[in-house]
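Commentary on secondary and tertiary structure
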Amino acid sequence: MATRTRIEIDPINPVVGAVASGADLSRSFDPEEVATIRKAVLTHGAVFFRDQDITQADTVAFLKNFGELCTDPFAKASLEKVPDEFTVHDMQTYGNGQATALWHMDSTLGAEPAAFLTLRALELPPSGGSDTCWGSMYAAYETLSQPVRDMIDGLEAEHSGYKTLPLLGLGYGETLQQDMRNTHPVVRVHPETGRKALFVNELWTEKIVGVSSHESQSILDMLWKHSQRPEFTMRWKWQVNDIVMWDNMAFQHYAVNDYEGSRVLQKGYVKGDRPVGPG
Ligand SMILES: O=C(O)CCC(=O)C(=O)O
Ligand SMILES: [Fe+2]
C-alpha cells in the first residue's frame, strides 16, 4: 500500500499564518489528516497550500470536511439549501477593491458569519501586486490593557451593510438574503478554542450599542487602529493555484488594492454559529 506524505505545517510568524506541505486537495483526506488541518487553521488562523490545480468539486469536497457549506449573506443565493456553485464560486476581485481594502471579517452583518473560508488564485493581474493580508484578533485582544479588556468584554456592536454594499456596487434591499443588521459581542469567545478574540471590523461594524455616537466612534477607532498593527498580521504574495483556508471567527483580512487588470479568486464558505461573548 502506498504511504501518504505526511502533512507538515510551517508557521509564517508567531501569531498568524502557516504553510502546509504534503497535502493534495484533489483527493479525500482521512480523519487524522482533517484533524491536522483543522488544528492548524485554528492555531495559525490562515493555512496556505501551494500548487493545488484542483476542480471546484474538489474544493467543495475539501470544505465539507470542516462543516456545512454556506455563502455570502448578500449573494443572490437561496436561503434554503445553498447550491455548490454559490458556495464555491469564481470571483473577479477588481471591482471589490474599495470594500475589501479595509480590514474585515467576512459577512459579520449576518446572524451567523461564515466560520471558515477558502480562496484559491485562478488568475493574477499582469501588473503584479494584489497580495492579501491576514491578522490575528486573538493577538489584538490579548495585547490590550486589562482595563480596556474589562470594558469591552461587556459590549455589543451592531454590524450592517450600510457603508459596504454601496462600495461593492450593491443595493441594500435587493441583494440581501434577509434583514442584515445584527448585534454581536465586541469580544467573541471562539466556539472551539475557547479563546477570546476582538470581533469588530472596519468594513461591517456600524456602532457600539448603548453608548453615545461619539463614544462609539472613538472606541471603534481605537480598536481598529490597535488590531491593524503589523505585529498581528502577515501578507501573502499569491501564485496561481495557491489556496488558503482561514478561521473567520478570530482572524481578519485585507486585500491590497494596488493592481490593475483581471484577478480571479475562487471563494468557498463553511457555515458558522451565532457569535457568543464572554458574559
Ligand atoms: O481579494 C482578496 O484577496 C480578498 C477579498 C475578500 O476580502 C473577500 O472576498 O472577502
Ligand atoms: Fe473578505
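These notes cover the structure that comes with them. Predicted model only: the values in this text are computed from it and were never measured.

1. Description of helix α2 (residues 56–63)
All of the buried residues along α2 are T59, F62 and L63. What you see down the axis of α2 is that its buried residues fit within an arc of 95 degrees, all on one side. Residues of α2 that are buried in the fold lie against β4 (88–92), β5 (116–123) and β15 (264–270).

2. Thoughts on the sheet that holds strand β1 (residues 8–11)
Pairing is mixed in the open sheet, where 7 strands are placed in the order β1-β2-β3-β13-β5-β15-β4. The sheet terminates laterally at β1 and β4, the two strands that pair on one side only. Neighbouring strand axes in the sheet, compared pairwise and without regard to direction, differ in orientation by 25 degrees on average. Relative to β15, β5 is paired through 7 bridges, and the arrangement is antiparallel. Residue pairing across strands places R120 opposite Q266, the latter belonging to β15. Lying on the sheet, helix α1 (residues 31–44) is in contact with β1, β2 (18–21), β3 (46–49), β5 and β13 (243–247); it crosses β3 at an angle near 130 degrees. Packing of α2 onto the sheet brings it into contact with β4, β5 and β15, and relative to β15 it is tilted by some 30 degrees.

3. Overview of the site of ligand 1
Around ligand 1, the neighbouring residues are T93, T100, D106, T132, H253, A255, L265 and K267. Secondary structure elements with two or more residues in the shell around ligand 1: β14 (251–255) and β15. Considering only residue class, the shell around ligand 1 consists of 2 nonpolar, 4 polar and 2 charged.

4. Let's talk about the pairing of strand β7 (residues 156–160)
Two elements, β7 and strand β8 (residues 181–185), share 5 bridges in a ladder whose sense is antiparallel. Bridge pairing in β8 links H159 to N182. Across 3 bridges, β7 lies against strand β11 (residues 205–208) in antiparallel orientation. The residue bridging H159 from the neighbouring strand is T205, located in β11.

5. Focus on the sheet that holds β8
Overall, antiparallel pairing links the 3 strands, which are arranged β8-β7-β11 in an open sheet. The sheet is open, and its two edges are formed by β8 and β11, each paired on a single side. Between one strand and the next, the sheet's axes are offset by a mean angle of 30 degrees, whatever the strand orientation.

6. Considerations on the pairing of β3
Residues A46 and F48 line one face of β3 and the alternating positions V47 and F49 line the opposite face, and both faces are buried. Sheet topology places β2 next to β3; 3 bridges connect them, and they run parallel. Bridging from a neighbouring strand, A20 pairs with F49 of β3. Handedness of the β2-α1-β3 crossover: right-handed. Both β3 and β13 contribute to a ladder of 4 bridges, which runs antiparallel.

Definitions and cut-offs
Residues numbered from 1 in each chain as written. Chains lettered and ligands numbered in written order. Predicted model: local features only at pLDDT ≥ 70, side-chain atom pairs only at ≥ 80, totals over all residues. Buried ≥ 20, exposed ≤ 12 C-beta atoms within 10 Å, placed from the backbone. Helix = DSSP H or I, 4+ residues; strand = E, 2+ residues; numbered from the N terminus. Arc of directions from axis to C-beta. Contact = placed C-beta atoms within 7 Å. Pairing = 2+ DSSP bridges. Axes fitted to C-alpha atoms, helices over the stretch in contact; angles between N-to-C directions. Near = placed C-beta within 6 Å. Nonpolar A, V, L, I, M, F, W, Y, C, P; charged D, E, K, R; others polar. Right-handed = clockwise from strand over helix to strand, strands pointing away.

Remember, this is a structural readout, not a statement about activity or role.
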